[in-house]
Amino acid sequence: MWTLGSGSFKRIPRLRRVNTHVKQPVLKAWLPDATWKKLCISCHQFMAASFEDNNEARSVRHLKQLDVLGGEKGALELGYRYLNGKGVHKDHAQAYQCFEKTADQNGKWCMEAEFQLGCMHMLGQFVPTHDAKAGEYFEKAAHKGHSLAQYNWGLALIDGWAGYEDHLQGVEWVEKAAAAGVAEAQETLARLNEPKH
């Protein structure tokens, strides 16, 4: 029986990394292309989320892969990162492109991207301040059910900064946002319903 310190210890040579071409996984050969793509998207989404707190650079790498694969959540998350400078250098031009790409896909995250584009036009981030253009994006997102966009679109109609004024319709949109739990909308409704002296 061999015990520590007795006999000769045979060293196992360290494996060296060899720059050889890696073949595609066997799994890819068995799956249809669409299924393989969905699997890759799911994998990159999981990896981006798991590295978010402890390794921003790796998380961003997975988000970029998601964007390349056409995962709209990847483009949207990258847009947030570029907008806030989280894990990447702050770049409003890149953020705008990411949000625009997500909005064009017209999928599940489209309304969030439209809301962000509206905010960027309203605040003049990358694009010049343009209230009417901001209103267009808020209106699109509001019709899809985005509560903050409903509130902003309601204000746009009440104040007339989106190109035209429609007080009654504006109040309806603010009511929808308030019913969805937007605190600012609830405060605005309370102010609008105050008796005027």
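Source: prediction; values computed, not measured. Counting restarts for each chain, with residues numbered from 1 along the sequence as it is written. Predicted model: local features are reported for residues with pLDDT of at least 70 only, side-chain atom pairs are reported and counted for 80 or more only, and whole-chain, interface and lining totals are derived from all residues. Note: side-chain values were computed over all heavy atoms of the structure, leaving out hydrogens and water.

S.K.: Provide a residue-level description of the packing of helix 8 (residues 147-159) against helix 9 (residues 167-179), including the pertinent values.
M.R.: In this description, a line fitted to the C-alpha atoms serves as the axis of each element, helices being fitted only across the stretch in contact, and the angle between N-to-C directions of two axes falls anywhere from 0 to 180 degrees. The way it works is that DSSP assigns letters per residue, a run of H or I at least four long becomes a helix, a run of E at least two long becomes a strand, and they are numbered from the N terminus. Taken N-terminus to C-terminus, the directions of helix 8 and helix 9 make an angle of 160°; their axes are 7 Å apart at the nearest point. One element, helix 8, and the other, helix 9, form an angle in the roughly antiparallel class. Helix-helix and strand crossings are classified by hand; for helix 8 and helix 9 the assignment is left-handed. Touching Ser147, Gln150, Tyr151, Trp153, Gly154, Leu155, Leu157 and Ile158 of helix 8 are His167, Gln169, Gly170, Val171, Trp173, Val174, Lys176 and Ala177, all from helix 9. Residues are grouped as follows: Ala, Val, Leu, Ile, Met, Phe, Trp, Tyr, Cys and Pro are nonpolar; Asp, Glu, Lys and Arg are charged; every other residue, Gly included, is polar. The residue inventory of the contact of helix 8 with helix 9, partitioned by class, reads nine nonpolar, six polar and one charged. Between 65 and 115 degrees an angle is taken as roughly perpendicular, under 35 as roughly parallel, over 145 as roughly antiparallel, and anywhere else as oblique. Definitions for this section: a left-handed crossing has its near helix turned counterclockwise from the far helix by less than a right angle. A right-handed crossing has that turn clockwise. Residue contacts follow a heavy-atom distance rule, with two residues in contact if any of their heavy atoms lie within 4.5 Å.

S.K.: Break down the nonpolar core for me, citing the residues and quoting the values.
M.R.: Counting 17 residues, the largest nonpolar core has Leu78, Tyr82, Ala95, Tyr96, Phe99, Leu117 and Met120 as the members making the most contacts within it. For this core, the elements supplying multiple residues, two or more each, are helix 3 (56-69), helix 4 (72-84), helix 5 (92-105) and helix 6 (110-123). A total of five residues in this core trace back to one element, the largest contributor, which is helix 5. Apart from the residues within four sequence positions on either side, Phe99 is in contact with Leu76, Gly79, Tyr80, Leu83, Ala113, Gln116, Leu117 and Met120. Within the second largest apolar cluster, 12 residues are counted, among which are Phe115, Ala149, Trp153 and Ala156. In plain words, nonpolar cores are sets of buried Ala, Val, Leu, Ile, Met, Phe, Trp, Tyr and Cys residues tied together by side-chain atoms within 4.5 Å. Summary of the burial criterion: residues with accessible area below 20% of their type's maximum are buried, those above 50% are exposed, and those between are partly exposed, where the area comes from a 1.4 Å probe applied to protein chains only.

S.K.: Give me the pattern of salt bridges: which residues, what numbers.
M.R.: Any carboxyl oxygen of Asp or Glu that lies within 4 Å of a side-chain nitrogen of Lys or Arg is treated as forming a salt bridge with it. Tallied over the full model, the rule gives two salt bridges. The closest approach of N and O atoms between Lys144 and Glu114, which form a salt bridge, is 2.8 Å. In this pair, Lys144 is assigned in the loop between helix 7 (131-143) and helix 8 and Glu114 in helix 6, connecting sequence segments 30 residues apart. A relative accessible area of 40% means that Lys144 is categorised as partly exposed. Classification of Glu114 as buried rests on a relative accessible area of 5%.

S.K.: Give a description of the packing of helix 8 against helix 10 (residues 183-192) that names residues and reports values.
M.R.: Put simply, helix 8 and helix 10 touch, their axes get as near as 10 Å, and they point 30° apart. Put simply, helix 8 runs roughly parallel to helix 10. Judged by the twist between their axes, the crossing of helix 8 over helix 10 is left-handed. Contact residues: helix 8 offers Tyr151, Leu155 and Ile158, while helix 10 offers Glu184, Ala185, Thr188 and Leu192. Residue classes in the contact of helix 8 with helix 10 are distributed as five nonpolar, one polar and one charged.

S.K.: Give me the lowdown on unusual backbone geometry, citing residues and values where you can.
M.R.: Most of the time, phi is negative for any residue but glycine, and the peptide bond is trans. Despite not being glycine, Asn106 has its phi angle at roughly 55°, a positive value. Structurally, Asn106 is set in the loop between helix 5 and helix 6. Of note, the phi angle at Phe126 is positive, near 75°, even though the residue is not glycine. The topology assignment puts Phe126 in the loop between helix 6 and helix 7.

Keep in mind these values describe shape, not function.
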